[in-house]
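For reference, the chains in residue letters:
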Amino acid sequence: MEQLQRYLNHSKIDVLFKQNKDDFVVTEIPLYEFSGEGEHLILKIRKKDLATWDAIEILSKFLNCSSRDFGYAGLKDKNAMTVQSISVHRKYEEQLKSFQHENLKILETTYHNNKIKVGHLKGNKFFIRLKRVGAIEKRKIEEALGSIVTNGIPNYFGFQRFGIDGDNYKKGKDIIDGKLKEKRRNLKQMYINAYQSYLFNSWLSKRIEISKLVDAFEPKEIYQRLNLPLDVVKQMKKQKHPFKLITGDLLSHYPFGKIFTIENLEEESLKFNERDRVPTGLLSGKRVKNSVDLAYEIEKEFEQNTGEDGARRFAWIFPEELSSNYKEDKNWMEIQFYLPKGSYATEVIAEIIH
């Protein structure tokens, strides 16, 4: 949170955002509708100032059961008001009817055949309140929102991924390089995942830098500096979207679908602009497909043998259901939007502010 606030303090639009239960609300959207029958009790909970694990710990102590008996789709922020679904065996239903907690409320219950597992969510809806928004800031924010609606945003991992001090990725690199031992499996994986995220963010920054240079200069002026063929840079220059596709990129149908290698730059860039597909970036590791050709020449700089399974991640996303409400009497701008799972609302905020 401190990292984001420092960023905001040095940004072009001088507004205030505090990540707390009043100004930051997250509502989880399940991957599927619950069946209404089965041995698992689905609890729709609302929590404030509690991480997901804190909420599960409170419930497990109340029921005198193990925290492992609970299922959840994703971990939600502590410094927020969040609504999400968790599961536990339905034998605890009667006992839960007397549950009360100041910061944790069971909103409704239903049943399902399976325990909720990590990743079983479609995405999240967000409500964010920005303060100290004057008339000039309001106009700039609305312009930024218009750009986001048109073009989407880079799908960076948020600062939360890197720990309180922002350096978990360094520990991950040291573990991979054999300079650091971490016996606790969950911590070891968290540090390595942070390093995978750092490499992805670095790759994404590099590709955005290339895209901006292509937009800013004529192909003949820039192609040698980019170490790309002149004809490819000319094709990139014609692309409408600010993120330029390159020969060999791996694309994915959006918001879900198969990953495939780009064949026709012009054709695929049009479909990207229409939100039908998006480029993907590498999360380094085992059993993962790499880009090829010119795209791989850039990607390989950020490729590491992490020892963990790798994956492809959307390089770009399109926030949906985006709306804003300006409260002139309080100088507040309230913003709502939906993001697919794995994407960070704080990156939307950073994009708006910047």
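In this text the structure is predicted, and so the values were computed from the model without any measurement.

## Concerning the domain arrangement of the protein chain
Under the domain assignment, the protein chain is made up of domain 1 (24-123) and domain 2 (154-317). Computed from C-alpha coordinates alone, the two centres of domain 1 and domain 2 are separated by 34 Å.

## So, the environment of Y344
Note on placement: Y344 falls in the loop between β14 (332-340) and α11 (345-353). The exposure class of Y344 is buried, given its relative accessible area of 16%. Separated by 150 residues in sequence, Y344 and A194 place their C-alpha atoms 15 Å apart. When neighbours within four sequence positions are excluded, Y344 is seen to be in contact with Y156, F157, G158, Q160, R161, R313 and L339.

## Notes on helix α8 (residues 230-238)
Of the positions making up α8, those classed as buried are V232, V233 and M236. Axial view of α8: buried residues confined to an arc of 100 degrees, hence all on one face. The secondary structure elements touched by the buried residues of α8 are α6 (185-216), α7 (219-226), α9 (265-273) and α10 (293-299).

## Things to note about the sheet that holds strand β9 (residues 259-261)
Hydrogen bonds along the backbone pair up the strands of a sheet, which may run parallel or antiparallel. Within the open sheet, the four strands sit side by side as β9-β8-β10-β11. Their pairing is antiparallel. The sheet is open, and its two edges are formed by β9 and β11 (311-314), each paired on a single side. Recorded for the sheet is a direction-independent mean angle of 45 degrees between the axes of neighbouring strands. Inspection of the sheet shows strand β10 (residues 277-283) paired to β11 by four bridges, in the antiparallel sense. Looking across to β11, one finds that T280 is bridged to F314. Strands β10 and β11 of the sheet are contacted by α6, whose axis makes an angle of about 130 degrees with β10. Against the sheet, α9 engages β8 (250-253), β9 and β10, with an angle of about 95 degrees to β10.

## Focus on the UniProt feature "domain: TRUD" (unreviewed entry) in the protein chain
Sequence positions flagged by UniProt for "domain: TRUD" (unreviewed entry) are, in local numbering, residues 152-317. Strand forms 13% of residues 152-317 and helix 45%; the C-alpha atoms that close the span are 6 Å apart.

## A look at the pattern of salt bridges
All chains considered together, the criterion is met by 21 salt bridges. For R129, the salt bridge is made with D23, and the minimal N-O distance between the two is 2.9 Å. Here R129, found in strand β6 (residues 121-130), pairs with D23, found in the loop between α1 (2-9) and β1 (24-30); they are 106 residues apart in sequence, far enough to count as distant. Side by side, R129 and D23 carry an identical accessibility label, which is buried.

## Topic: the UniProt feature "active site" (unreviewed entry) in the protein chain
If you check UniProt for "active site" (unreviewed entry), the listed places come out as D77 in our numbering. By the element assignment, D77 lies in the loop between β3 (71-72) and β4 (81-89). The contacts of D77, once residues within four sequence positions are left out, are Q19, F24, K47, L50, T82 and Q160. Looking at D77, its side chain comes within polar contact range of the side chain of Q19, at 3.0 Å.

## Brief notes about the side chain of S252
Mapped onto the elements of the fold, S252 is located in strand β8. Those residues in contact with S252 that sit more than four places away from it in its chain are G257, K258, I259, F260, R277, V278, T280 and F314.

## Points about the packing of helix α5 (residues 168-176) against α6
At their nearest, the axes of α5 and α6 sit 7 Å apart, and the two run at 105 degrees to each other. Here α6 runs roughly perpendicular to α5, going by the angle between their axes. On the side of α5, the interface is formed by N168, Y169, K171, G172, K173, I175 and I176, while α6 contributes K188, M190, Y191, I192, A194, Y195 and Y198. Partitioned by chemical class, the residues of the contact of α5 with α6 number nine nonpolar, two polar and three charged.

## Some words on the pairing of β6
Most of β6 sits out of view: eight of its ten residues are buried. Pairing of β1 with β6, which is carried by seven bridges, proceeds in the antiparallel orientation. Bridge assignment links F24 to a residue of β6, and that residue is I128. With eight bridges connecting them, β6 and β14 associate as antiparallel partners. Bridged to L130 within β14 is M333.

About the thresholds
Residues numbered from 1 in each chain as written. Predicted model: local features only at pLDDT ≥ 70, side-chain atom pairs only at ≥ 80, totals over all residues. Heavy atoms only, no water. Domains from an automatic or database assignment. Helix = DSSP H or I, 4+ residues; strand = E, 2+ residues; numbered from the N terminus. Buried < 20%, exposed > 50% of the residue type's maximum accessible area, 1.4 Å probe, protein only. Contact = heavy atoms within 4.5 Å. Arc of directions from axis to C-beta. Pairing = 2+ DSSP bridges. Axes fitted to C-alpha atoms, helices over the stretch in contact; angles between N-to-C directions. UniProt positions renumbered as here; feature names shortened; annotations may be inferred. Salt bridge = Lys/Arg side-chain N within 4 Å of Asp/Glu carboxyl O. Polar contact = N/O pair within 3.5 Å; in protein donor to acceptor, adjacent residues only side chain to side chain. Parallel < 35°, antiparallel > 145°, perpendicular 65-115°, else oblique. Nonpolar A, V, L, I, M, F, W, Y, C, P; charged D, E, K, R; others polar.

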